Structures are given as C-alpha cells and as structure tokens.
Amino acid sequence: MPGRPLHDFHIDAPIAVYDSGLGGLTVVRAIQRLLPGESIAYFGDTARVPYGNKSARTVAQFASQCLRFLTRLNPKIIVVACNTVSATAMPELLAEFSTPIIGVLEPGAAAAIRITRQKIPHGKCAVGLIATEATVASRAYQMAISRLDDGVHVAARACPLLVPLIEEGREADSPLVKLVLDEYLDPLRQIAPAALILGCTHYPILADAVAAAVSPDTILIDSAGETAAVVRKQLESMGLLRSGTVARLSCYVTDQGQRFETIASRFLGRPVGQPVWVDPESIETLTTENR
Ligand code: DGL
C-alpha cells in the first residue's frame, strides 16, 4: 500500500498503539514520558491474548482486524507494541495499511547491538532474547540483528508461561515467577550475554525478577523507550510532532476482565480510565473507509 500524502494526517490526531493484551501499555508509558503532548489511542485485544502460541497466519489475521479498527480513528502513526505481531505480521500490515506503522523489534535489536558492541567491539558474540514462542520461531530478531551486524547471533529462549502469569497479575517477587524464570533462563545465565532483549512488551513488568535470574553483567533491553524515540523521529520527519502537555489516553479492549484496572495500571505506572469495549466479532464488519 503506498503511503498517504502528509496533508492527510493532522497534528492533533492520536498515536495509535496496538498490542495483543495490556503489555503494550509499557510502550504507551514510554511514549507519554517522551512525548507528553501526544494523545494516544490504545487497543488491547484482551479477548484473544495470548498471541504468542498461535500461528503466524492467525496473528496476522487478528492484527489486520485490530488495525482496521484503529485506522477508523485516523491516527497519524500506528505503533505495533507487540513483539509477536512485529515479528510475524509486519509485511502484511505494511502492505495493507497506508498509515505509517512502527514495530518494536528493530528498535530493541539496535539497542542490543549498541550495548553488546560497547563491551565486545569486534568479533563474534551473542545477544540474549526472551520472547513468546511465535516470536522466537519467526527468527525475526535474528534477521534484524544480522542485518545490522552479522557478527552478532541471537541466543533465544521462548518463555510461554510468562504472558499468562503477568496477565494473571503475578508480581516479580512471586515464587512461581522465580521458579519459571530460573528454568527458562538457565541456558542464558551460562552464556552471560552483554545484553538480553525483553522481546515481549509484557516482560518489563518482571524486569527485576529477570535481572535476578541472569548474570549480573547482563543489561536488560526494554524496547519501549527505544520505540518511543523512533516514534518521535518519525513524527518529527513528518512535521507532526505535537508540543504541550494536554494529552489524552483512550483505551479500547476486546474484553474487560475483572482485573483490568489493576493490571493495566501496573503496566502504565498510574491509574487507567474506563476502557471502551469493542466486540471482537464485529471488528471484521467495521467500515474500512479510512484505511
Ligand atoms: N505483548 C505481546 C508481545 O510482545 C504479548 C504476547 C502474547 O500475546 O502472547 O509479544
């Protein structure tokens, strides 16, 4: 899909942020910190989370439906704040939608290389990655990292239990979380990479527990801050960066579970207002006029 002309976008339009669940609110938090004047429309596909154990085809189909909904709000940019979608469905999304789309994968990969090369300037070395099964199976991080530096390979571990544990509200100091992380991270602890990518937007919530389970020399890469910086650069280049501090956050979810408030505010770092419920069955039938 060719890009839309710049005059199609309005400076006061929201930044759309999309995730399979509520983990993408860690990216919202970073955007709000860096760009306090921007309004944000957040979409969490909470009825169908997790995506990480689903096929690439299903993830691409869900992502297309959710972005169709978000484009009705005429955003000036879309942030796919989900590693699983960024790793498995970006080519399809870029082909379908004419609004600029930014994923979380490249910014995280670039940061991991930067940290690693500060420590090991030359030769072969490894970056650690923890992510969902779908993200690891896609090898998308490996490809993104090889494109930037072919001396760096990725030592990856899929951690399928972490998203359900987080969405269940388990904290970093939970003994169950510690047990699961010890098992998942054992091989990475042995390698002691300079950088470990938290390759899922849910994981920053457990950063302290992850840090305790890997080597003390390993620096954790949370792609949220890196992604926010890319968003700012992109908006700047489009002349659509909004200054000021009066910004809104509107949340849309496909299921509002009992613990929405508690879990969402944990990711965002402050209370979240009432979300708007979107029926996942009807996303498909929404008008596509603004695509
Ligand atoms: N936040 C998503 C990601 O970054 C969660 C994965 C899932 O839905 O399984 O991959």
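See the structure above.
Only a predicted model underlies this, so the values are computations on that prediction, with no experimental measurement involved. Here the residue index of a chain counts from 1 through its sequence in written order. Given that this is a predicted model, residues contribute local features only at a pLDDT of at least 70 and side-chain atom pairs are listed and counted only at 80 or more, while totals for whole chains, interfaces and linings are drawn from all residues. Processing note: side-chain calculations cover all non-hydrogen atoms of the structure and skip hydrogens and water entirely.

Once that is clear, we can look at unusual backbone geometry. Following Val-49, the chain continues into Pro-50 via a peptide bond in cis, with omega recorded as 0°. Segments assigned H or I by DSSP are reported as helices when at least four residues long, segments assigned E as strands when at least two residues long, and all are numbered from the N terminus. Mapped onto the fold, Pro-50 is located in the loop between strand E2 (40–44) and helix H2 (56–71). For Arg-139, which is not glycine, the phi dihedral falls at a positive 60°. Even without glycine at this site, Ala-192 takes up a positive phi of about 50°. Relative to the helices and strands, Ala-192 resides in the loop between helix H9 (175–191) and strand E7 (195–199).

Take H2 next. The length a helix should cover is 1.5 Å for every residue beyond the first. Taking 1.5 Å as the rise per residue, H2 with 16 residues should run 22 Å; its terminal C-alpha atoms sit 22 Å apart, in good agreement. Here the term buried applies to any residue with accessible area under 20% of the maximum for its type, exposed to any over 50%, and partly exposed to those in between, with areas from a 1.4 Å probe on protein chains only. Across the 16 residues that make up H2, a large majority, 12, are buried. Considered for burial, the residues of H2 that qualify are Val-59, Ala-60, Phe-62, Ala-63, Ser-64, Gln-65, Cys-66, Leu-67, Arg-68, Phe-69, Leu-70 and Thr-71.

Only protein atoms enter the 1 Å grid used here, on which a cavity is any set of points holding a 1.4 Å probe that cannot leave and a pocket is any open set flanked by protein within 12 Å on both sides along at least five of seven lines; residues with an atom within 4 Å of a point are listed as lining. Grid points are joined across faces, edges and corners, and a volume is the space filled by probe spheres set on the points. One pass over the full model with this rule turns up two cavities of 30 Å³ or more. What the largest cavity holds in volume is close to 70 Å³. In terms of lining, the largest cavity is formed by 14 residues, of which the most central are Ser-20, Cys-82, Thr-84, Thr-132 and Cys-200. Polar here means any residue other than Ala, Val, Leu, Ile, Met, Phe, Trp, Tyr, Cys and Pro, which are nonpolar, and Asp, Glu, Lys and Arg, which are charged; Gly is therefore polar. Of the residues in the lining of the largest cavity, the class split is six nonpolar, seven polar and one charged. If you add up the space inside the second largest cavity, you get close to 30 Å³. Contributing to the lining of the second largest cavity are Thr-26, Val-27, Asn-83, Leu-198, Cys-200, Thr-201, Pro-204, Asp-222, Ser-223 and Ala-224. Secondary structure elements with two or more residues in the lining of the second largest cavity: helix H1 (25–34) and helix H11 (223–238).

Before going further, it helps to spend a moment on the layout of surface pockets. Of the volumes computed, that of the largest pocket is approximately 250 Å³. Lining the largest pocket are 15 residues, and of these Ser-86, Met-90, Leu-105, Glu-106 and Arg-147 lie nearest its centre. For the lining of the largest pocket, the secondary-structure elements that each account for two or more residues are helix H3 (83–88), helix H4 (90–96), strand E4 (101–103), helix H5 (105–119) and helix H7 (140–148). Per element, the largest residue contribution to the lining of the largest pocket is four residues, and it comes from H7. Across the lining of the largest pocket, the residue classes tally to 11 nonpolar, two polar and two charged. By volume, the second largest pocket is sized at about 200 Å³. Looking at the second largest pocket, the residues that line it are Leu-22, Thr-46, Val-49, Pro-164, Glu-167, Glu-168, Asp-255, Gly-257, Gln-258, Arg-259, Phe-260 and Ile-263. Elements represented by at least two residues in the lining of the second largest pocket include exactly helix H8 (162–167) and helix H12 (260–268). Among the residues forming the lining of the second largest pocket, the class breakdown is five nonpolar, three polar and four charged.

What follows covers the sheet that holds strand E6 (residues 152–158). In space, the four strands of this open sheet follow the order E6-E5-E7-E8, with parallel pairing throughout. Pairing within the sheet leaves two strands with one partner each, and these edge strands are E6 and strand E8 (219–222). The average undirected angle you get between the axes of adjacent strands in this sheet is 25°. A pair of strands is treated as paired once DSSP finds two or more bridges between them. Sheet topology note: the E7/E8 ladder contains four bridges and is parallel. Bridge assignment links Ala-195 to a residue of E8, and that residue is Ile-219. The contact criterion used is simple: two residues touch if any of their non-hydrogen atoms lie within 4.5 Å. A fitted line through C-alpha atoms serves as each axis, taken over the contacting stretch for helices, and the angle formed by two N-to-C directions is quoted from 0 to 180°. Packing against the sheet, H7 makes contact with strand E5 (125–131), E6 and E7, and its axis sits at approximately 165° to E6. H11 rests against E7 and E8 of the sheet, and its axis sits at about 45° to E8.

Shape is all these values report; function is a separate question.
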